[in-house]
Every structure is written in structure tokens, then in C-alpha cells.
Amino acid sequence: QSTNRRSQVFLDLFAGVGHVSKAWKRKGFASMAFEIGSGSHFDLSSPPIQKLLLGWIKSGVVAGVWLATPFGSWARARRGPRDLRGPPPPLRSSAQPCGLSDLTPEERVKVAVANHQVTFTCRVIRACVAMGVPAGLENPFSSIMWLHPGLSKLCNVVSAHSYKLHMCQYGARW
């Protein structure tokens, strides 16, 4: 792997509006933001796109990866009743992090999509660990995502570190 990070690219995955990749670019680094809203060629659920990104990591052209894997279905704030009043109902629990057993068909689809996103996230992190590429995953501290079996296992590797940040100190409006 090249030690010259300036000749490599940073990947901003599940980038939203791309704040992280824009910050890397301001520092003079090459960066690519991947978010479905930018077009189908940035769709991280696409197996060819996943294969391409994992190939880049394994080939040594990636300097670092930031993942902001969507957390909507993983949020503990989902505490509403199933009668459509108030906040949305829970889709997961600490005991069933990959999805509750009594979900509606629509909820099962939402949970399956989110589970696939986390599975891809874990594949990216494992590839980064294998290649010595720095990687970070952003998600709320209380997120049930941290209990996903694959992610939980990755959090226990020697090279994993956890940092608790309050996003309001960085200008987040919530």
C-alpha cells in the first residue's frame, strides 16, 4: 500500500450532502462521495458498485473511508404505537437487533434494506482493517446498529476505537 495519501482517494460512503468529502477536498485530498441521490452509479446497494469499492480498497488506492450508514430503522427513538399516531413504531430491539418478529411486510422490507446496508458496511470495514486503511463509522451512540452481530464483532477487534461526539458541537441543527 502506498504511504503517500495525497496520491490516493478518500471515500465518503452513505455521504448525504457530502460534508466529509468536501472537508477532505478543502485539505487538498482527492475524495469521492457516494450517495444514491447523486445517481444510480453511486448506489451502494448495487453489487457491482460494492465490488468496485471493495476492489479499490484492496488494491491500495483508498487512503481512508468514512461511513454514515443510515440509522433510521436502528433508532431507539422509534417508540410509537402501530396505529400510525405519534412517532413511528419500533422495528428492532436489543434482543432482536436484526428486526422484530412481528413486523408488517412493509416494515420487513425496510429492515432488510437497512440490514444489507450494515452488512456492506461491515465488509468495507473488514477490507479496510485487512489493508491498514483508516475507516470510521458514524452513528448515534444509542443506535441499535451497534448490536448487529457483524458490527458488534468488528467493534471488538484490537484496532477498533470508539469516540462519543455530540454533533451539535460541530454545527448539527438537531
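Remember, it's a predicted structure, so these values are computed and weren't measured experimentally.

1. Description of the layout of surface pockets
Of the pockets and cavities examined, the second largest pocket occupies roughly 300 Å³. Lining the second largest pocket are 18 residues, with Phe14, Asp43, Leu44, Ser45 and Gln117 sitting closest to its centre. A total of 6 residues in the lining of the second largest pocket trace back to one element, the largest contributor, which is helix α3 (residues 105-131). Grouping the amino acids of the lining of the second largest pocket by side-chain chemistry returns 9 nonpolar, 6 polar and 3 charged.

2. Considering the pairing of strand β2 (residues 30-34)
Taken together, the 5 bridges between strand β1 (residues 9-13) and β2 define a ladder with parallel strand orientation. Counterpart to Leu11 in the pairing with β2 is Met32. Regarding topology, helix α1 (residues 19-26) serves as the crossover connection from β1 to the parallel β2, and that connection is right-handed.

3. Digging into unusual backbone geometry
The general pattern is negative phi for most residues beyond glycine and trans for most peptide bonds. Located in the positive-phi region is Phe14, a residue other than glycine, with phi close to 55 degrees. Its place among the elements puts Phe14 in the loop between β1 and α1. A relative accessible area of 10% places Phe14 in the buried class.

Analysis parameters
Residues numbered from 1 in each chain as written. Predicted model: local features only at pLDDT ≥ 70, side-chain atom pairs only at ≥ 80, totals over all residues. Heavy atoms only, no water. 1 Å grid on protein atoms, 1.4 Å probe; cavity = no way out; pocket = protein on both sides within 12 Å on 5 of 7 lines; lining within 4 Å. Points joined across faces, edges and corners; volume = space filled by probe spheres on them. Helix = DSSP H or I, 4+ residues; strand = E, 2+ residues; numbered from the N terminus. Nonpolar A, V, L, I, M, F, W, Y, C, P; charged D, E, K, R; others polar. Pairing = 2+ DSSP bridges. Right-handed = clockwise from strand over helix to strand, strands pointing away. Buried < 20%, exposed > 50% of the residue type's maximum accessible area, 1.4 Å probe, protein only.

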